[in-house]
Amino acid sequence: MTALTRASARAGAPAPVRIVHLGLGAFHRAHQAWYTAKAEDAGEWGIAAFTGRRPDVADALRPQGGAYTLLERGPDGDAAETIGSIVEVWPGDDVARLRELVAREAVAIVSLTITEPAYRLRADGSADLDDAAVAADVAALAAGTDPSTPLGRLVAALDARRRAGAGPIAVMPCDNMPNAGGNVHAALQAIASAAGLDETAAWIASDVACASSSVDRITPATTDADRAEVARLTGLDDASPVVTEPFRDWVVQGSFPAGRPVWETAGARFVDDVEPFERRKLWLLNGSHSLLAYRGLLAGHATVAEAIADPVLRAEVDAWWGLAGEHLPAGLDLAAYRAALVARFENARIEHRLQQIAAEGVTKLRVRFVPVLLAERERGGDASNGAVAIGAIAAWVALVLDGVQLVDGRRAEVETAMASATPVRDLLALVEPRLAADASIVEAVEIAASEARSGNRLPTVPELA
Ligand SMILES: NC(=O)c1ccc[n+]([C@@H]2O[C@H](COP(=O)([O-])OP(=O)(O)OC[C@H]3O[C@@H](n4cnc5c(N)ncnc54)[C@H](O)[C@@H]3O)[C@@H](O)[C@H]2O)c1
Ligand SMILES: O=P(O)(O)OC[C@@H](O)[C@@H](O)[C@H](O)[C@H](O)CO
């Protein structure tokens, strides 16, 4: 078996670094790095990517010069190719290198895929300056030492760019969050101001353009079996391949004052208003993913393909899509979108573990169900409306109260809520305070969660009063 190396991956010299990426996970490598590699001007756009919390992926990719195998796994077979757009890899804690790169005039974009909770935003999308890690970063920025959260590190790097006079730049968060560009723009300014970096805060307001986008490509965590399959298909020993589905979609809103790759030549779409696309994707795809994850784990399923084949869950997904669709604008061709989702979820060759999707419930539920549920409450209407969303949220509550270990960056607060006299209300308050303030919602979640916990693993969901 030959090792995958920079030389075996690329014919010519690596592209110059013009994009810096934070969060060197699977998704960035299946999505933005793929679009960059496939753009017509790929040779002009190299990516320097930083890991988040651990150096592992950078350590694995460095001997390969940043290159890796992308395995597209369709319902009928696999196709492997080497992606070479990432040309430098760094551990996330190398803030000196991050500052140095972002301060270069040639660098035009900083993109992020760091997971939703890593932004440390409140439920209303603002920076949580009371969060201990954010507060520590504010102190570090004020003292001129290295911050540890991604947005703290980004403020340090933007401060270096302003001081270097390297000109405007675009920041492009690509996590599953609504209004990501707007919220991140405000959060960066808030962190800089709190640290006393007033000139940098003003410069971020005027010279940093934050783009929002709807990003879509189902990309589960890579397994040992995937690595073995890549080796069999390519004859190359790749320390860190990525497995993804053939489908991909990218809708972007925003400006790129220092330039960008012609991503549209690879299929990306640029629009004036991304919100309808963002909502369609977050509610229909991510919402049904979370519904299948929490209700599916209660029913004993392990993967999305298994859960969508369960007729009870499939009916709930249809009900959820019907409800969410009522709150989406016309013209989004929901029938075709829904049909495509079913086919994508049924692709059993993509082994998307429900446990992976079930992680970070506090942050995900807030984005995936709450806007529809609250809009439904405001609209009045039939008492049963919203029940399917209640059922999904209650399934998360039941799993948490049953002690099922779900990864959550807000675990300490989850545990405090679990131990309180009103655990359901307190868990809901973590997700979104307005849920906890609605007595009918709290009661409906309590009933559904208690049914689920008492052994009726797939309970019917109660109507809202
Ligand atoms: N995987 C998908 O199918 C998919 C599709 C669309 C969007 N996304 C978005 O991309 C995100 C990442 O997905 P992935 O598949 O790459 O996950 P991953 O686990 O492979 O990578 C996550 C990256 O974020 C970093 N990170 C995680 N928590 C962090 C923290 N608290 N602080 C700093 N860095 C942190 C990790 O170190 C890693 O570099 C998702 O959370 C989602 O918002 C994923
Ligand atoms: O990546 P997460 O953890 O935010 O959410 C899990 C899945 O819902 C998500 O990754 C989807 O697979 C993805 O958003 C599809 O584009």
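Everything numeric here is computed off the predicted structure, so don't read it as measured data.

(A) Spatial organisation of the packing of helix α11 (residues 275-298) against helix α13 (residues 311-325). Put simply, α11 and α13 touch, their axes get as near as 10 Å, and they point 145 degrees apart. The two elements α11 and α13 cross, and the hand of that crossing is right-handed. Judged by residue contacts, W283, L284, G287, S288, L291, L292, R295 and G296 of α11 engage L313, E316, V317, W320, W321 and A324 from α13. Grouping the amino acids of the contact of α11 with α13 by side-chain chemistry returns 9 nonpolar, 3 polar and 2 charged.

(B) Here's a closer look at the site of ligand 2. Taken together, E116, N176, D216, R217, I218, L285, N286, H289 and I357 make up the full set of residues near ligand 2. Counting residues per element, the shell around ligand 2 draws most heavily on α11, which supplies 3 residues. Among the residues forming the shell around ligand 2, the class breakdown is 3 nonpolar, 3 polar and 3 charged. Counting only domains with at least three residues in the shell around ligand 2, you end up with domain 1 (2-270) and domain 2 (275-453).

(C) Highlighting the domain arrangement of the chain. Here the chain is described as being made up of domain 1 (2-270) and domain 2 (275-453). The C-alpha centroid of domain 2 is placed 28 Å from the C-alpha centroid of domain 1. Taken residue by residue, the interface counts 18 residues in domain 1 and 23 residues in domain 2. The element that contributes the greatest number of residues to the side of domain 1 that touches domain 2 is strand β10 (residues 212-216), accounting for 3 residues. For the side of domain 1 that touches domain 2, a count of residues per class yields 10 nonpolar, 4 polar and 4 charged.

(D) Highlighting the site of ligand 1. Looking at ligand 1, there are 22 residues lining it, with G25, F27, G52, A118 and D175 nearest. Looking at the shell around ligand 1, the element that brings in the most residues is helix α2 (residues 26-30), giving 3 residues. Class assignment for the residues of the shell around ligand 1 results in 8 nonpolar, 10 polar and 4 charged.

(E) View of the packing of α13 against helix α18 (residues 387-401). Put simply, α13 and α18 touch, their axes get as near as 9 Å, and they point 125 degrees apart. The orientation of α13 relative to α18 falls into the category oblique. In the packing of α13 onto α18, the handedness of the crossing is left-handed. Contact residues: E316, A319, W320 and L323 in α13; V388, A389 and G391 in α18. For the contact of α13 with α18, a count of residues per class yields 5 nonpolar, 1 polar and 1 charged.

(F) Geometry of the sheet that holds strand β7 (residues 109-112). Taken in spatial order, the 6 strands line up as β6-β3-β2-β7-β8-β9 in an open sheet, and their pairing is parallel. Looking along the sheet, the strands with just one partner apiece sit at the ends: β6 (86-90) and β9 (208-210). The average angle at which neighbouring strand axes cross in this sheet is 20 degrees, direction not considered. Taken together, the 4 bridges between β7 and strand β8 (residues 169-173) define a ladder with parallel strand orientation. Note that in β8 the partner of S111 across the bridge is M172. Of the strands in this sheet, β2 (17-22), β3 (46-50), β6 and β7 touch helix α5 (residues 95-102), which is tilted by about 140 degrees from β2.

(G) Seen up close, the pairing of β6. Of all 5 residues that make up β6, 5 are buried, and the element is covered over most of its length. Bridging between β3 and β6 involves 4 bridges; their strand directions are parallel. Bridge pairing links A48 to E88 in β6.

(H) Region of interest: the sheet that holds strand β4 (residues 68-73). Spatially, 3 strands are ordered β5-β4-β12 in an open sheet, and the strand pairing comes out mixed. Only two strands of the sheet have a single partner each, and these edge strands are β5 (78-83) and β12 (242-244). Adjacent strand axes in the sheet meet at a mean angle of 25 degrees, parallel and antiparallel pairs treated alike. Relative to β5, β4 runs antiparallel, the two being bridged by 6 bridges. Among the inter-strand pairings, Y68 is bridged to a residue of β5, identified as I83.

(I) Summary view of the nonpolar core. Judged by nonpolar contacts, the single largest core of 145 residues is most densely connected at L188, I191 and V445. Take this core: its biggest share by element is 13 residues, from α18. Here this core gathers at least three residues from each of two domains, domain 1 (2-270) and domain 2 (275-453). Other than its neighbours up to four places away in sequence, L188 contacts L151, L154, V155, L158, I204 and V208.

About the thresholds
Residues numbered from 1 in each chain as written. Chains lettered and ligands numbered in written order. Predicted model: local features only at pLDDT ≥ 70, side-chain atom pairs only at ≥ 80, totals over all residues. Axes fitted to C-alpha atoms, helices over the stretch in contact; angles between N-to-C directions. Helix = DSSP H or I, 4+ residues; strand = E, 2+ residues; numbered from the N terminus. Left-handed = near helix turned anticlockwise from the far one by under 90°. Contact = placed C-beta atoms within 7 Å. Nonpolar A, V, L, I, M, F, W, Y, C, P; charged D, E, K, R; others polar. Near = placed C-beta within 6 Å. Domains from an automatic or database assignment. Parallel < 35°, antiparallel > 145°, perpendicular 65-115°, else oblique. Pairing = 2+ DSSP bridges. Buried ≥ 20, exposed ≤ 12 C-beta atoms within 10 Å, placed from the backbone. Core = buried A, V, L, I, M, F, W, Y, C linked by C-beta atoms within 7 Å.

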